[in-house]
Amino acid sequence: VIGTWKDKYFMKWYLVWSLNGTLINLGLDRRSSLDRAQDVGLYQCMAFNTVGAILSRRASLQFAYLDHFKVHTRSAVSVREGQGVVLLCGTPTSSGDLTYAWVFNEYPYFVQQDNRRFVSQQTGNLYISKVESSDVGNYTCVVMNSVTKGKVQSSPTSLILRTDGVMGEYEPKIEVNFPDNVSAAKGSTVTLECFALGNPVPEITWKRANGVPFPSKVKMKYSNAVLEIPSFQQDDTGGYECVAENKMGKNVATGKLAFYAKPQWIQTMKDTVLAIEERLYWECRANGKPKPSYSWLKNGQPLVSEDKIHVEEGVLSVSVLTLADAGMYQCVAENRHGVIYFAAELMVLASPPDFTGNVLRALLKAKAGTTVTLECKPQAYPMASILWKKGNLPIHTSDRLANVSKSDAGSYTCFARNRFGMSSTTGRLLVTDPTRITQGPSDMEIIVGESIVLPCQVSSDPVLDISFSWAFNGQLIAKDDGHFELVGGRTAGDLMIRNIQLYHAGKYICVVDTDVESLSAVAVLIVKARPPSPPAVVTVEEVTDSTAQLAWSPGRDNGSPISHYLIQTRTPFTVGWQRVNTVPEVIDGNTLTATVVDLNAWVEYEFRVLARNGVGVGEPSPVSVKTRTEDSVPDAAPGNVGGGGGSRSELVITWEPVPEELQNGESFGYIIAFRAFGDASWTHVATSAPGAARYVYKNDSISPFSPFHVKVGTYNSKGQGPFSPVVTIYSAEIEPSGMPAGVWARSVSASEIEVNWQALSFTPERVLGYEVVYWEDDTKPETMGKMRVPWNQTSATVSGLAGHTQYFLTVSAFNTAGTGPFLPAINVTTKKPPPAQPPLNVEWTLIGSHLSLYWEPVVAMESESEVMGYQLSYRRQRHKEVNTLTTSNSSAELSLPEDDEDYIIHIRTMSEGGLGPASDPIRVHQLSEFIICTINILQIGLTKAAKWKLEELFVKSVKIATKEHKKRDKGLKK
């Protein structure tokens, strides 16, 4: 209520209080307790001193109480079963928030609220939507004050049933609803009640008028009779509807929720010092809902617009200030939900000019060519007029002297005057020559451990004081850093860096400060380390069949600590040096021994070690002495075991030999194991040839093409190794004994013959396919050819033959053992070849997109096939897709898309012997829809190059002609 007042000027404040606008005499009122009737109301404090007065915010004092119910007997309420009823509480006089409950018959049996019974916290009444026989009894209203915690009870009200019948069904009647307009503060909890009487018991539902669903924060209580909206916000405003409905009908209650907010400052004024006769302008702004109104107070008294004072919405202005206008002012913002105050002091001053605390500098140094500011700012109320003198001569200048030179040096005096008096201040200006860095640091690369000097030397005016400082990566270099030392005299600030390390890399800035300016020079220092030197001699200390233990000595780290080591190995079977696996897996820079693992047995190894630091990997160590691992039993089996084929009564077994580096010892060989399909025992055969890849087992008892299980193992002087997985192969088979039947052939073209036959219907031997053999005659063995097709194919086309030539053909079946007997040969003569002469003298005409082509007919010679027609193939010049067109005449019509692309066209003859050679390419140029162009290229006597050149010249000439026609005759298209 009282608040806290800040004593800004260390003055004593005096306080007075008022109640409901009347001053309180605190000296006369000596009461020690409050009186409800005498002390209730609005309190306000006024604080004042010699500066002025201000009002506190208003505070309301109220007293919470709850009187007793009047003692009297309440009349009984008689209703029919099924009828709705309202039992009135009749709340006694009170102040403060109340809560209600109803006792049924006797304490502590309170009425339990459900969809049929509801206790309103707004009215205190008990509502029963549909009375049942179990509701008969006595009801007592219990009221509690939430502030005082006091509780009172009403006299009981009896509820009895009438005996003249049961109430019939009827539509809902809303007895509890919310006001048409409800205002709520931001962040508050809003509670809306809605309850209806009806038979059957009505169902209560809620919805928003705008149809927007309720957010998750909204809660429904007491069978939807209460809608609760916590943390009320602007989005929650609008229309709300309560719908009570049963099968007989429905009823609706509506209302609106409005958002209100107390005023809050968004713009305020500050304590202000002004000179006499100046103008005051203050503005304050507050938000709130509804929009606040504004008023102004001076020393606690309202201000209104009069004479020089103008007061309007949030704005106070005083046109010509006097000493009487000084004081404490308050802006007041108010709406019906609250009022706020903001105070500021106005000081009005009247005094002669005074330079105390703001005199001109006795000596001001400035660099030639710069702009100098001579500040003449006396305290004067009202503002003083200013006059400058250089020496004894008045000068016309402002506070700023631009581009000063030596001639501007001298003594300057500022005179200030107002109606209360005059004052002055004097200072001297000294103009100096510019300072220059004559030698600054430059970018450098340096190796770790070296020392350097970064120069920073200047030339300057002798009257100036000079200081040097250095920054490294944005931080000032400390003088106590052992690596850095500042060396040089008055005009030099060189930086010496001793024993440079990697962390000294970065940006160095030399800063030169004088009385009048500051200069700097920058250099970037790159510090390089080198990869480590090679480790010293590598020794092999212990060897097994798969490991080798190594040791070595470290080399120099060259300025960057060694992070880890790498081990490489080389054998007669590898290409170059290979990385190996080790234990530990990562060898850190402090470890000088390691065990190489996963080596092959009985292999001669060489080792070397490399070191790595932050710069990279260094050169390798010297190579170790060659060391052979111990031998062991083979651990690799031959791969890709298979076989089959061979001669009659043979079983051929094949495999991929084990590489020498995986043989693991001396006296290496293979164990071949096989057994007939269904046999239990294996036959074993050994071969001591390490490079063997094939074994042939011959036995007359082996049936042709019989299945065998086969596996191949290894051994050496240490013992037997693993076997390969078991595979199934077949013994040698015999060639087919049957011959195909029904062989016939026909000539397809001048270079192709089609051969047909009937498949072998039965043969005891396996048939893999058929072989076709063809030749010209027995005197020309070089003309013989063969081709094979799978067993399920009964025809083949022999191509690449000579035209108009007789060929002999025969067919036989084959398998892995060879070919069966051949049929008697048949003979077929290929067709005559197509004409060797391509179409000549091709002419074309292009009108728009319509292309017409003409050429001389081709006449076949006696040894050539007759011409049956012509085939045209055409494509865009920059595309591969080819379109074809056939014609029986020596002309053709084409429709080409209208675009800017050229077309390439070829023409061939068609005959029984096939397609003849193509004509020279015809290039069709789509130059313009206005031009009709015909190219007639004579084929005789011109090379291809000459033909293409002729076309190129023609295209250029047509393009030139087209441009000229368009310029002269725009009606050319018509």
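Residues numbered from 1 in each chain as written. Predicted model: local features only at pLDDT ≥ 70, side-chain atom pairs only at ≥ 80, totals over all residues. Heavy atoms only, no water.

1. Things to note about the overall build of the chain
Item 1. Looking only at helices and strands, the chain has 2 helices and 86 strands in total.
Item 2. Relative to the compact-globule value of 30 Å for 974 residues, the chain shows a C-alpha radius of gyration of 58 Å, a clear excess of over 25%.
Item 3. Dimensions of the chain, computed from C-alpha atoms along their principal axes, come out at roughly 155 × 125 × 100 Å.
Item 4. Looking at the 974 residues of the chain, the share that counts as buried comes to 40%.
Item 5. Of the contacts formed within the chain by residues at least 6 apart in sequence, a portion of 64% connects residues at least 24 apart.
Item 6. Side-chain charges in the chain split into 92 positive and 100 negative, and the spacing between the mean points of these groups amounts to 9 Å. (Helix = DSSP H or I, 4+ residues; strand = E, 2+ residues; numbered from the N terminus. Rg over C-alpha atoms; globule rule 2.2 N^0.38 Å. Buried < 20%, exposed > 50% of the residue type's maximum accessible area, 1.4 Å probe, protein only. Contact = heavy atoms within 4.5 Å. Lys, Arg positive; Asp, Glu negative; His and termini not counted. Charge placed at Lys NZ, Arg CZ, Asp CG, Glu CD.)

2. Details of the state of the cysteines
Item 1. Scanning the model with the defined rule gives 5 disulfides in all.
Item 2. Across a sulfur-sulfur distance of 2.0 Å, Cys89 and Cys141 are joined as a disulfide pair. Between Cys89 and Cys141, the disulfide has an S-S torsion of -75° and is therefore left-handed. On the criterion of sequence distance, the pair formed by Cys89 in the loop between strand E8 (85-87) and strand E9 (94-95) and Cys141 in strand E13 (residues 137-145) is long-range, its members being 52 residues apart.
Item 3. Across a sulfur-sulfur distance of 1.6 Å, Cys376 and Cys414 are joined as a disulfide pair. In this structure the cystine formed by Cys376 and Cys414 twists about its S-S bond by roughly -55°; its chirality is therefore left-handed. Taken together, the positions of Cys376 in the loop between strand E36 (372-373) and strand E37 (379-381) and Cys414 in strand E41 (residues 410-418) put the pair 38 residues apart, joining distant regions of the chain.
Item 4. Note on Cys376: relative accessible area 8%, which makes it buried.
Item 5. Taking the relative accessible area as the measure of exposure, Cys414 reaches 0% and is therefore buried.
Item 6. In this model Cys45 remains outside any disulfide bridge; the closest cysteine sulfur is found in Cys331, 20 Å from its own. (Disulfide = S-S within 2.5 Å.)

3. Focus: the pattern of salt bridges
Item 1. All chains considered together, the criterion is met by 24 salt bridges.
Item 2. Here Arg80 ties to Asp164 by a salt bridge, and the two come within 3.2 Å at their closest N and O atoms. In this pair, Arg80 is assigned in strand E7 (residues 77-81) and Asp164 in strand E15 (residues 157-166), connecting sequence segments 84 residues apart.
Item 3. Linked by salt bridges that have partners in common, Arg80, Arg162 and Asp164 make up one network. (Salt bridge = Lys/Arg side-chain N within 4 Å of Asp/Glu carboxyl O.)

4. Things to note about the UniProt feature "domain: Fibronectin type-III" (unreviewed entry) in the chain
Item 1. The positions that UniProt labels "domain: Fibronectin type-III" (unreviewed entry) are, in the present scheme, residues 534-632, 637-734, 739-833 and 838-930.
Item 2. A distance of 35 Å separates the end C-alpha atoms of residues 534-632, which is 0% helix and 40% strand.
Item 3. Overall, residues 637-734 shows 0% helix and 50% strand. The separation of its end C-alpha atoms is 32 Å. (UniProt positions renumbered as here; feature names shortened; annotations may be inferred.)

5. Overview of the layout of surface pockets
Item 1. Taken as a whole, the second largest pocket encloses approximately 440 Å³ of empty space.
Item 2. Lining the second largest pocket are 17 residues, with Ile24, Asp29, Arg31, Asp39 and Tyr43 positioned closest to its centre.
Item 3. Sorting the residues of the lining of the second largest pocket by element identifies strand E1 (14-19), helix H1 (36-39) and strand E5 (59-61) as the ones contributing at least two each.
Item 4. The greatest single-element share of the lining of the second largest pocket, amounting to 3 residues, is contributed by E5.
Item 5. When the residues that make up the lining of the second largest pocket are grouped by side-chain class, the tally is 10 nonpolar, 4 polar and 3 charged. (1 Å grid on protein atoms, 1.4 Å probe; cavity = no way out; pocket = protein on both sides within 12 Å on 5 of 7 lines; lining within 4 Å. Points joined across faces, edges and corners; volume = space filled by probe spheres on them. Nonpolar A, V, L, I, M, F, W, Y, C, P; charged D, E, K, R; others polar.)

6. Thoughts on the nonpolar core
Item 1. Among the nonpolar cores identified, the biggest contains 22 residues, and Trp470, Leu495, Ile497, Tyr508, Val512 and Leu525 are the most heavily contacted of them.
Item 2. Broken down by secondary-structure element, the contributors of at least two residues to this core are strand E45 (452-454), strand E47 (467-472), strand E50 (494-497), strand E51 (506-513) and strand E52 (518-528).
Item 3. Apart from residues no more than four positions distant in its own chain, Leu525 is found in contact with Met444, Ile446, Ile452, Ile497, Ile500, His504, Ala505, Gly506 and Tyr508. (Core = buried A, V, L, I, M, F, W, Y, C linked by side-chain atoms within 4.5 Å.)

7. Examining the sheet that holds strand E22 (residues 226-229)
Item 1. The 3 strands are arranged E18-E22-E21 in an open sheet whose pairing can be described as antiparallel. One side of each edge strand has no neighbouring strand; the edge strands of this open sheet are strand E18 (190-193) and strand E21 (219-221). Adjacent strand axes in the sheet meet at a mean angle of 20° when their direction is disregarded.
Item 2. Looking at chain direction, E18 and E22 are connected through 4 bridges and run antiparallel. Across the sheet, residue Leu192 finds its bridge partner in E22, namely Leu227. (Pairing = 2+ DSSP bridges. Axes fitted to C-alpha atoms, helices over the stretch in contact; angles between N-to-C directions.)

8. Quick look at the UniProt feature "domain: Ig-like" (unreviewed entry) in the chain
Item 1. UniProt feature "domain: Ig-like" (unreviewed entry): in the numbering of this structure it lies at residues 67-158, 172-253, 263-347, 353-432 and 434-520.
Item 2. Taken end to end, residues 434-520 is 0% helix and 47% strand, and its two terminal C-alpha atoms sit 14 Å from one another.

9. Describing the confidence of the model for the chain
Item 1. Averaged over all residues, the pLDDT of the chain equals 89, while 93% of them reach at least 70.
Item 2. Within the model, pLDDT remains below 50 along residues 928-940, and this stretch shows 36 contacts once partners closer than five positions in the same chain are excluded.
Item 3. With pLDDT under 50 throughout, residues 965-974 is counted as low confidence; its partners more than four residues away or in other chains account for 5 contacts. (pLDDT = per-residue confidence, 0-100.)

10. Considerations on the side chain of Thr627
Item 1. Note on placement: Thr627 falls in strand E61 (residues 627-628).
Item 2. Relative accessible area serves as the criterion here: at 18%, Thr627 is assigned to the buried category.
Item 3. From its side chain, Thr627 meets the backbone oxygen of Val625 in a polar contact 3.1 Å long.
Item 4. Among residues more than four places away in sequence, those in contact with Thr627 are Val540, Val543, Val603, Glu604 and Tyr605. (Polar contact = N/O pair within 3.5 Å; in protein donor to acceptor, adjacent residues only side chain to side chain.)

11. Things to note about the environment of Leu66
Item 1. As for its position among the elements, Leu66 is in strand E6 (residues 65-66).
Item 2. For the pair Leu66 and Gly96, spaced 30 residues apart in sequence, the C-alpha separation works out to 8.2 Å.
Item 3. Apart from the residues lying within four places of it in its own chain, the contact partners of Leu66 are Pro92, Thr93, Ser94, Leu98, Val143, Met144, Asn145, Gly150 and Val152.

12. A look at the packing of aromatic side chains
Item 1. Under the criterion given, the structure shown has 21 aromatic pairs.
Item 2. For the pair Phe178 and Trp206, a centre-to-centre distance of 5.6 Å together with 25° between the ring planes defines the contact as stacked. In this pair, Phe178 is assigned in the loop between strand E16 (170-176) and strand E17 (181-185) and Trp206 in strand E20 (residues 203-208), connecting sequence segments 28 residues apart.
Item 3. On the basis of relative accessible area, Phe178 is assigned to the buried category, the value being 7%.
Item 4. Pairwise contacts between aromatic rings join Phe472, Phe484 and Tyr508 into one cluster.
Item 5. For the cation-ring pair, Lys711 lies above Trp682, with the distance from its terminal atom to the ring centre recorded as 4.5 Å. (Phe/Tyr/Trp six-rings, centres within 6.5 Å; stacked < 30°, edge-to-face > 60°. Lys NZ or Arg CZ within 6 Å of the ring centre and 35° of its normal.)

13. Brief notes about the sheet that holds strand E35 (residues 363-367)
Item 1. If you trace the 5 strands from one edge of the open sheet to the other, you get E35-E42-E41-E38-E39, paired in mixed fashion. Of all the strands in the sheet, just E35 and strand E39 (393-395) have a single pairing partner and so form its edges. Across the sheet, the mean angle separating the axes of adjacent strands is 35° when strand polarity is ignored.

14. Observations regarding unusual backbone geometry
With the exception of glycine, the majority of residues adopt a negative phi angle, and the majority of peptide bonds are in the trans configuration.
Item 1. Here the bond from Tyr107 into Pro108 is cis, since omega is 10°, no more than 30 degrees from zero.
Item 2. In this fold, Pro108 is placed in the loop between strand E10 (98-104) and strand E11 (117-119).
Item 3. A cis amide bond, omega 0°, links Lys289 with the succeeding residue Pro290.
Item 4. Within the secondary structure, Pro290 is located in the loop between strand E27 (285-289) and strand E28 (293-298).
Item 5. The phi torsion at Asn105 lies on the positive side, around 70°, for a residue other than glycine.
Item 6. When you line up the elements, Asn105 lands in the loop between E10 and E11.
Item 7. Of the residues examined, Asn105 reaches a relative accessible area of 43% and is grouped as partly exposed.
Item 8. Backbone geometry at Ser223 places phi at a positive 55°, although glycine is not the residue there.
Item 9. Locating Ser223 in the fold gives a position in the loop between E21 and E22.

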